[in-house]
Amino acid sequence: MSDDQASGMFPPIVVMGVSGSGKSSVGALLAQYLEVPFVDGDDLHSAADIASMAAGHPLDDAAREPWLDRCADWLAEHRATGAVLPCSALRRSYRDRIRRGCPTAEFVHLVGSRDLIASRMVDRTDHFMPVELLESQFETLEPLEADERGIEITIDRPVTAIVERIVEQLIP
Ligand SMILES: Nc1ncnc2c1ncn2[C@@H]1O[C@H](COP(=O)(O)OP(=O)(O)O)[C@@H](O)[C@H]1O
Ligand SMILES: O=C(O)[C@H](O)[C@@H](O)[C@H](O)[C@H](O)COP(=O)(O)O
């Protein structure tokens, strides 16, 4: 690891995208490589929100707000060291809410087709999110806008290759 990385000379990273795009898998490996704090945005949901999604009901903007604030607070606590947080951050307004706590956050948008992501969700066994909610995720998704700090990476490659691309593009 370079001296820069050891001294935390890189920004907090939010791995974003629809459910099933690979945020938790990529985020965990990226945090391990960078040796920085990690928390999964899934773990910052309330029990009520998780039960709602598990029952097939998508969250709405109001329900997401306290969850996004918890994400922003966690990132703000870890601004100095660098950190990785998988969080769907589907809408521009959600990312603006996260940036209130951490203006330097970089967003890595994991991009893939509905079919590929649906197949991965179906194969995933230990998770509350039903594949039936994937369409509502795509309907809500607003890709990164030109003025937002971040990158897009397609997910039709191994997790290790995705992490390598993130490091190449975001880590000085
Ligand atoms: N690049 C990849 N190639 C193959 N399978 C993947 C890849 N990324 C994630 N997966 C698998 O796809 C499923 C969804 O990944 P996950 O990390 O849970 O996505 P998210 O956190 O965005 O919902 C998991 O079963 C995971 O093991
Ligand atoms: O904003 C939302 O509707 C949820 O946060 C959603 O986008 C997220 O995907 C769920 O937390 C499921 O978790 P996974 O993304 O890990 O499937």
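Residues numbered from 1 in each chain as written. Chains lettered and ligands numbered in written order. Predicted model: local features only at pLDDT ≥ 70, side-chain atom pairs only at ≥ 80, totals over all residues. Heavy atoms only, no water.

By the naming in an unreviewed UniProt entry, the chain is Gluconokinase, taken from Gordonia soli NBRC 108243. Check the Sequence similarities (unreviewed entry) section of the UniProt entry for the chain; it says "Belongs to the gluconokinase GntK/GntV family." (UniProt positions renumbered as here; feature names shortened; annotations may be inferred.)

(A) Representation of the pattern of salt bridges. Inspection of every chain in the model, using the stated rule, returns 13 salt bridges. Of the charged contacts, one joins Asp 147 and Arg 92 as a salt bridge, the two residues approaching to 2.8 Å between their closest N and O atoms. On the criterion of sequence distance, the pair formed by Asp 147 in the loop between α7 (134-140) and β4 (150-154) and Arg 92 in helix α5 (residues 92-101) is long-range, its members being 55 residues apart. Residue classification places Asp 147 among the exposed residues on the basis of a relative accessible area of 55%. Among the salt bridges present, the one from Asp 96 reaches Arg 99, with a minimum N-O distance of 2.8 Å. Remark: Arg 99 and Asp 96 occur in helix α5; sequence separation between them is three residues, near one turn of the helix. Residue Asp 96 is classed as partly exposed on the basis of its relative accessible area of 31%. What makes Arg 99 buried here is its relative accessible area of 14%. (Salt bridge = Lys/Arg side-chain N within 4 Å of Asp/Glu carboxyl O. Helix = DSSP H or I, 4+ residues; strand = E, 2+ residues; numbered from the N terminus. Buried < 20%, exposed > 50% of the residue type's maximum accessible area, 1.4 Å probe, protein only.)

(B) Molecular detail of the site of ligand 1. Taken together, 15 residues form the shell around ligand 1, and within it Gly 20, Lys 23, Ser 25, Arg 124 and Arg 157 come nearest. Taking Lys 23, its side chain carries an N or O atom lying 2.8 Å from an oxygen atom of ligand 1. Between an oxygen atom of ligand 1 and a main-chain N or O atom of Ser 24, the distance comes to 2.9 Å. Coverage of ligand 1 by the protein chains reaches 76% of its 570 Å² of free accessible surface. Put simply, the parts of the chain that give the shell around ligand 1 at least two residues each are α2 (23-34) and α8 (159-170). (Near = heavy atom within 4 Å. Polar contact = N/O pair within 3.5 Å; in protein donor to acceptor, adjacent residues only side chain to side chain. Areas by Shrake-Rupley, 256 points an atom, 1.4 Å probe, with all protein chains shown as cover.)

(C) Region of interest: the site of ligand 2. What surrounds ligand 2 is a group of 14 residues, the closest being Ser 19, Lys 23, Asp 42, Arg 64 and Gln 137. A distance of 2.8 Å separates an oxygen atom of ligand 2 from a polar side-chain atom of Asp 42. Ser 88 is positioned such that a nitrogen or oxygen atom in its side chain is 2.9 Å from an oxygen atom of ligand 2. Burial of ligand 2 by the protein chains amounts to 98% of its free accessible area of 390 Å². Looking at the shell around ligand 2 residue by residue, the classes come out as four nonpolar, six polar and four charged. (Nonpolar A, V, L, I, M, F, W, Y, C, P; charged D, E, K, R; others polar.)

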